[in-house]
Amino acid sequence: MYLRNTDSQLRWLSFSIFLLIALLSLLPSARLIMEALKGVQFDMQSPLSGIMRSSQTWTAFRNSFYTSGLGTLIAVVLGAGFAFIVTLTNIRARAIWVFLFMLPMMIPPQVTALSWLQLFGPASPILNTFGIAPALGSPNPMYSAEGIALLLGIQNAPLVFLALRTQLLCLPQDLIEAAKVARASQEAIWIDIILPLTRGALIAGAALAFVSSLGNFGIPAMLGIPVNYLVLPTLIYQKMAGFGQGMLSEVAGLSMLISFLVLGGMIMQQWLQQRSEYALVGHSSSHMSFRLGKWRLPTETALGLILLMILVVPCIALVVSSFVPALGMPLNSQTFTVSAYIEMLANQGVTTRAFSNSLLLAGAASVVLMCLCLPLSYILLKLPLKVRILVTSLIEVPYAIPGIVLAIAFILLFARPLPILGVSIYGSMSIIFLAYLSCFLSVCLKPIYSAMSQMDKALEEAAQLAGANAIQRLVHIILPLTAPAFFAGAILVFLISVNELTVSALLWSAGNETLGVLIFNLDESGDTVLASAISVLVVLLVAALMACLSLLAPRLPKGVIPWHDSV
Amino acid sequence: MARLSLNAVSKSFGDKTVVDNLSLTIEPGQFVALLGPSGCGKSTILRMLAGFETVSAGDIQHGDQCLSSAKFHLPTEERNFGMVFQSYALWPHMTVMENVGYPLKIQKVDRQNYQRRVQDALDIVQLNDFKDRLPSQLSGGQRQRVALARSLVTEPDVILFDEPLANLDRHLRESMEITFREFHRRTGATMVYVTHDQAEAMALADQIAVLKDGQLMQWSTPEDLYAQPNNEWVANFIGQGSILRCQSVLGNQLLTSADVIGLLYDQTGHHGRMLVRPQHVDLSATSNMLQGTVRECIFRGERYDIFLELENGDTLHAYHTEPLTIGSARQLSIQQAWTLEPSHDHDH
């Protein structure tokens, strides 16, 4: 009866939308649980109990825990340090620091891994150029648990940074001023006021980083598989590639294991966060800043050096290795060549195909999701609060569960031909497309939903009084007023899906390669120079899209674009 | 033009009743104000008239057409009402002309008519020179006038106003009040105006409904509301004045100066209440005298507000042309007063 006030147009619209959400969000998870439970019999031969008894499973489990835990620690140190310094001090050029620090999150993990691999090891073009490469045959230090953890830490540090920065930005200035009036020293203010008040955000950020590390596939795949160091997502990948008997039930069981870990992380975060939640009252209009004084330049230099290490140098290594004829050669005026780029664009059919596949998938996913989110947010806002929270959290589910788990769920769903239609979409691009829709619905919905909920309701009511029906109101009033948010949602989806590896690594098939898969496969088969060349283009694409979003930022609700704020 | 009537209308959200068994009959062409403190249900009544809210019981009729009842609900877009919102609700992506013309566009009015009717509407609010501007390029008062023009462009029978002056400064309010009165005279439309500001309601409306906690307290002309409030709560809410305790007395009667003295000096009871408006207190009187002590004296420009303590401890509000010394004793007379039905709440 919630929609009693609205007309029939809205009624069928909302019905079909909810059906779609159920299909996209609920069905995959439900199917996965069914498959995993199918093995639960009191029978020691069942695939699930086999998985549970296998030492391989528990080694991967331990490895996952170790790399994710260590990675989270690194992410917290990096992210929190940057957040405190960039947000609370009078450092110069804040916006640029924020943008640069957010970049590692948006660069696809397989590209990050590739660039770090190029940085160290005997074949490193940079080290070779300077003549300081280790002797041939010595191992690349990145191929290790610690290497994986380091990159997971760098990749996820922006998550901690964001969570903390958002909290710091709404920390009322008068709390600090009150402490100063009480003659507290700078150290006392930090220890007694700022840290306790931001503990919740720090925990939330750490939990996010941990969960995201657990689900990460690209980094452990590039750094772990070559030395047979397996974590849960890469174990699933290898099992899928191995095609054993009862394989589907086994991977479903492993997926459940990851899901439990993720769930455990989230529950712990909720619990810890509830214990350190304070309602902040006060003016947050003016933004806190500690004067660094003579320490400003040294601080900026230190930040610059860290960014240089985690972002610039690996990118340079990537660029350098894309311009050498073969890996292991130094870059100088004799060896410089653009042959990798020429080969990539001209000769390799698979490269252009992967580019067009990824662009097509990302383009289609962003356009479809954008069109879907218009009526969806509109209807959501008409629902009572409780139902609204339920539906939005359902939409969050596919985004929260690791990509590898979602991919398995989609394989289980579509391994057999579709009922009634009799066609199979398994092994076609459609299955990747559907998985993207499911995965990125919440990415697209968030900016649109927040823009719509901030719109004055009277604007729509005025149109209603003017005699406009639901569709007319959507098209004439709501769409034009929330258009920037629509573009932002679509660009975000495009940005994330164009480089996506985890989902497509399991769902791709010959002829349907995506960019992420291509880089991964080229690197696996030793075509590192070519992989680097493609990665350079991918990084450029990412940076360009992020810059596009920054241009839209002034017309968007606050918080829609993570690396941009008006402060 | 048709009569708008609410018959025993109730509205509840969950188990909270916001409007309780309200009946009102609004004659065609009347300017009606719904007046009450925040939370009295006045906005909900307006939103039920507009069709944004359904009714829980009772019905709303417009002429012989039923707009809303517990079983039936005519959607807003089929009602042809105009409305002016507190936030103006101008569409920021459309020019003044497009904003005003939007209702006509929806009705698919042909081009020539469209131009003419938008011109006419903008003429009424004197905004023809601004028709190509965006709302963001207008001042608060101009935006309000665009909203007015939009509400009248389809020549609706009924125009609803939801606290349209709440966001304007005092000076602009006064000039908008004049605009609204002219607007009412020119269009002759029925107007229902929600406000919490009694001065605004008095200045504009032919008929005022005073509401409290979803119930109708009084339904009368502004003059009657001021001179003859129905009960103690309304007397307190409307205008300035003092309510004095006196011997038990029948409510709703006009007292003369001599009656007042008699009721106040008789100490046999204090359950009666009378309302004394400050302009009816004579501080230089020579007959029918009472004693009071000056407790406060405030300069208001054209006069002084004087608060006196009477012998029984009650406070009396009076006007005077000169300042009085605080603490001085003063002789006074009350020229007339209005007796009140005692109401049982004293939380005002």
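Keep in mind the model is a prediction, meaning the values are calculated, not measured.

J.: Help me get a handle on the overall build of chain A, residues and values and all.
T.: For chain A, the helix and strand inventory stands at 23 helices and 0 strands. Counting only carbon and sulfur atoms, one obtains 68% of the accessible surface of chain A, whose full area is about 24,300 Å².

J.: Which residues make up helix α5 (residues 170-187) of chain B, and what values go with them?
T.: For an α-helix, the turn length of 3.6 residues means that residues three or four places apart are oriented alike. Residues and elements named next belong to chain B. Its 18 residues give α5 an end-to-end C-alpha distance of 26 Å, which sits within 8% of 26 Å, the value for a rise of 1.5 Å per residue. For α5, every residue scored as buried is listed here: Arg173, Met176, Glu177, Thr179, Phe180, Phe183 and His184. Residues of α5 that are buried in the fold lie against β3 (31-35), α3 (111-124), α4 (140-152), β7 (158-162), β8 (190-195) and α6 (198-204). Where α5 terminates, the next one or two residues include Gly188, which has phi positive at roughly 65°.

J.: Tell me about the interface of chain B and chain A, residues and numbers included.
T.: Contacts between the two partners involve 23 residues from chain B and, on the opposite side, 21 residues from chain A. Together, the buried faces of chain B and chain A total about 2,000 Å²; carbon and sulfur atoms form 59% of this surface. On the chain B side of the interface with chain A, the three residues burying the most area are Glu77, Trp91 and Ile106 of chain B, jointly 29% of the side's total. On inspection of chain B and its partner chain A, the count reaches 2 salt bridges. Across the pair Glu461 of chain A and Arg47 of chain B runs a salt bridge, and its minimum N-O distance is 2.6 Å. Applying the counting rule to chain B against chain A returns 7 residue pairs in polar contact (both at pLDDT 80 or more). Broken down by secondary-structure element, the contributors of at least two residues to the side of chain B that touches chain A are α1 (42-50) and α2 (96-106) of chain B. A per-class count over the side of chain B that touches chain A returns 14 nonpolar, 4 polar and 5 charged.

J.: Residue-level account of empty space enclosed by the protein, with values.
T.: Under the criterion given, the structure shown has 4 cavities of 30 Å³ or more. For the largest cavity, the calculated volume is near 90 Å³. Surrounding the largest cavity, 13 residues form its lining, Ile107, Thr112, Ser115, Leu311 and Cys315 of chain A being those nearest its centre. Counting only elements with at least two residues in the lining of the largest cavity, the list comes to α5 (109-119) and α13 (296-322) of chain A. With 5 residues, α13 of chain A is the single largest residue contributor to the lining of the largest cavity. Residues of the lining of the largest cavity, tallied by class, amount to 11 nonpolar, 2 polar and no charged. The volume enclosed by the second largest cavity comes to roughly 40 Å³. Every residue lining the second largest cavity is listed: Ile124, Val125, Leu148, Thr179, Glu182, Phe183 and Arg186 of chain B. Sort the elements by how many residues they give to the lining of the second largest cavity and α5 of chain B lands first, with 4 residues. In terms of residue class, the lining of the second largest cavity is made up of 4 nonpolar, 1 polar and 2 charged.

J.: Can you lay out the sheet that holds strand β16 (residues 304-310) of chain B for me, pointing to particular residues and giving the numbers?
T.: Residues and elements named next belong to chain B. Strand order in the open sheet formed by 5 strands is β14-β18-β15-β16-β17, with antiparallel pairing between adjacent strands. What marks the edges here is a single partner per strand, and that holds for β14 (281-282) and β17 (315-320). One ladder, built from 7 bridges, connects strand β15 (residues 290-299) with β16; its direction is antiparallel. Bridge pairing in β16 places Glu296 opposite Phe307. Along the sheet, helix α9 (residues 257-265) makes contact with β15 and β18 (329-334), crossing β15 at roughly 105°.

J.: Provide a residue-level description of the confidence of the model for chain A, including the pertinent values.
T.: For chain A, the mean per-residue pLDDT works out to 81, and 89% of the residues sit at or above 70. The model gives residues 1-6 of chain A a pLDDT under 50, and that stretch makes 14 contacts with residues more than four places away or in other chains.

J.: I'd love a proper account of the UniProt feature "domain: ABC transmembrane type-1" (unreviewed entry) in chain A, names of residues and values included.
T.: Per the UniProt entry, the sites bearing "domain: ABC transmembrane type-1" (unreviewed entry) are residues 61-269 and 355-547 of chain A in this numbering. Structurally, residues 355-547 of chain A comprises 80% helix and 0% strand, and the distance from its first C-alpha atom to its last is 21 Å.

J.: Lay out unusual backbone geometry in plain terms, naming residues and giving numbers.
T.: All names here are of chain B. The backbone of Lys108 shows a phi angle near 55°, a positive value even though the residue is not glycine. Within the secondary structure layout, Lys108 lies in the loop between α2 and α3. You will see that Asn252, though not glycine, has its phi angle at about 60°, which is positive. If you trace the backbone, Asn252 turns up in the loop between β11 (242-246) and β12 (254-256).

J.: For the packing of helix α3 (residues 55-88) of chain A against helix α9 (residues 186-215) of chain A, give the residues involved together with the corresponding values.
T.: All names here are of chain A. Interhelical geometry of α3 versus α9 gives an angle of 140° and a closest axis separation of 9 Å. Accordingly, the angle class assigned to the pair α3 and α9 is oblique. The two elements α3 and α9 cross, and the hand of that crossing is right-handed. Contacts between α3 and α9 involve Ser64, Phe65, Ser68, Gly69, Thr72, Ala75, Val76, Ala80, Phe84 and Leu88 from the former and Trp190, Ile194, Leu195, Thr198, Leu202, Ala206, Ala209, Phe210, Ser213 and Leu214 from the latter. The class makeup of the residues in the contact of α3 with α9 is 14 nonpolar, 6 polar and no charged.

J.: How would you explain a nonpolar patch on the surface if you had to name every residue and give the values?
T.: All names here are of chain A. A contiguous nonpolar patch, built from Phe15, Leu19, Leu20, Leu23 and Leu27 and spanning about 470 Å² of accessible area, is present on the exposed surface. Inspection of the secondary structure assignment puts Leu20 in helix α1 (residues 8-38). With a relative accessible area of 32%, Leu20 lands in the partly exposed category.

J.: Kindly report on the pairing of strand β2 (residues 16-26) of chain B, identifying the contributing residues and their values.
T.: Residues and elements named next belong to chain B. Bridge count between strand β1 (residues 4-13) and β2: 7 bridges; the pairing is antiparallel. In the strand pairing of β2, Leu6 is matched with Leu24. Two successive antiparallel strands, β1 and β2, enclose a turn made up of 2 residues, where Gly14 displays a positive phi of approximately 65°.

J.: Mind laying out the side chain of Asp162 of chain B, listing which residues take part and the relevant values?
T.: All names here are of chain B. Structurally, Asp162 is set in strand β7. No salt bridge forms around the buried Asp162; measuring N to O, its nearest opposite-charge neighbour Arg47 is 5.7 Å away. Setting aside residues up to four positions removed in sequence, Asp162 forms contacts with Ser43, Leu46, Met83, Val84, Phe85, Gln86 and Val194.

J.: Give a description of the sheet that holds β12 of chain B that names residues and reports values.
T.: Residue and element names in this part refer to chain B. Strand order in the open sheet formed by 4 strands is β11-β13-β19-β12, with antiparallel pairing between adjacent strands. The sheet is open, and its two borders are formed by β11 and β12, each paired with just one other strand. Within the sheet, the average angular offset between the axes of one strand and its neighbour, ignoring direction, is 35°. As paired elements, strand β13 (residues 272-276) and strand β19 (residues 336-340) share 3 bridges and run antiparallel to each other. Looking across to β19, one finds that Met274 is bridged to Thr339.

J.: Provide a residue-level description of the environment of Arg300 of chain B, including the pertinent values.
T.: Residue and element names in this part refer to chain B. Mapped onto the elements, Arg300 comes out in the loop between β15 and β16. Its relative accessible area of 44% is what places Arg300 among the partly exposed residues. The spatial distance from the C-alpha of Arg300 to the C-alpha of Ala235 is 22 Å, given a sequence separation of 65 residues.

J.: I'd like a description of the packing of aromatic side chains, backed by residues and values.
T.: Residues and elements named next belong to chain B. Evaluated as defined, the whole model comprises 22 aromatic pairs over all chains. What links up through ring pairs into an aromatic cluster is the set Phe31, Phe161, Phe180, Phe183 and Tyr193. Just above the ring of Trp91 sits the side chain of Arg150; from NZ or CZ to the centre is 4.3 Å. Positioned above the aromatic ring of Tyr226, the side-chain terminus of Arg277 is 4.0 Å from the ring centre.

J.: So, helix α18 (residues 429-454) of chain A: which residues are in play, and what are the values?
T.: Residues and elements named next belong to chain A. An ideal rise of 1.5 Å per residue puts 38 Å on 26 residues; α18 measures up with 37 Å between its terminal C-alpha atoms. The largest bend in α18 comes to about 50°, at Phe440. Counted residue by residue, α18 has 20 buried out of 26 residues, so it is predominantly covered. The residue sitting at the N-terminus of α18 and contributing the capping side-chain oxygen is Ser428; that oxygen lies 3.2 Å from the backbone nitrogen of Ser430.

J.: I'd love a proper account of the packing of α5 of chain A against helix α23 (residues 528-552) of chain A, names of residues and values included.
T.: To characterise two packed helices, one gives the angle between the axes of the helices and the distance between these axes. Residue and element names in this part refer to chain A. Contact geometry of α5 with α23 gives a least axis separation of 10 Å together with a crossing angle of 125°. Regarding the angle of α5 to α23, the classification is oblique. Of the two elements, α5 crosses α23, and the hand of that crossing is left-handed. Residues Val111, Leu114 and Gln118 of α5 form the contact with α23, whose participating residues are Thr528, Ala531, Ser532, Ser535, Val538 and Val539. Residue composition of the contact of α5 with α23, by class: 5 nonpolar, 4 polar and no charged.

Analysis parameters
- Residues numbered from 1 in each chain as written.
- Chains lettered and ligands numbered in written order.
- Predicted model: local features only at pLDDT ≥ 70, side-chain atom pairs only at ≥ 80, totals over all residues.
- Heavy atoms only, no water.
- Helix = DSSP H or I, 4+ residues; strand = E, 2+ residues; numbered from the N terminus.
- Areas by Shrake-Rupley, 256 points an atom, 1.4 Å probe, with all protein chains shown as cover.
- Expected span 1.5 Å × (residues − 1).
- Buried < 20%, exposed > 50% of the residue type's maximum accessible area, 1.4 Å probe, protein only.
- Contact = heavy atoms within 4.5 Å.
- Buried area = accessible area lost by both parts, 1.4 Å probe.
- Salt bridge = Lys/Arg side-chain N within 4 Å of Asp/Glu carboxyl O.
- Polar contact = N/O pair within 3.5 Å; in protein donor to acceptor, adjacent residues only side chain to side chain.
- Nonpolar A, V, L, I, M, F, W, Y, C, P; charged D, E, K, R; others polar.
- 1 Å grid on protein atoms, 1.4 Å probe; cavity = no way out; pocket = protein on both sides within 12 Å on 5 of 7 lines; lining within 4 Å.
- Points joined across faces, edges and corners; volume = space filled by probe spheres on them.
- Pairing = 2+ DSSP bridges.
- Axes fitted to C-alpha atoms, helices over the stretch in contact; angles between N-to-C directions.
- pLDDT = per-residue confidence, 0-100.
- UniProt positions renumbered as here; feature names shortened; annotations may be inferred.
- Parallel < 35°, antiparallel > 145°, perpendicular 65-115°, else oblique.
- Left-handed = near helix turned anticlockwise from the far one by under 90°.
- Patch = residues over 30% accessible without salt bridge, like charges linked within 9 Å, V, L, I, M, F, W, Y side chains within 5 Å.
- Lys, Arg positive; Asp, Glu negative; His and termini not counted.
- Phe/Tyr/Trp six-rings, centres within 6.5 Å; stacked < 30°, edge-to-face > 60°.
- Lys NZ or Arg CZ within 6 Å of the ring centre and 35° of its normal.
- Bend = angle between axes of the 7 residues up to and from the residue.

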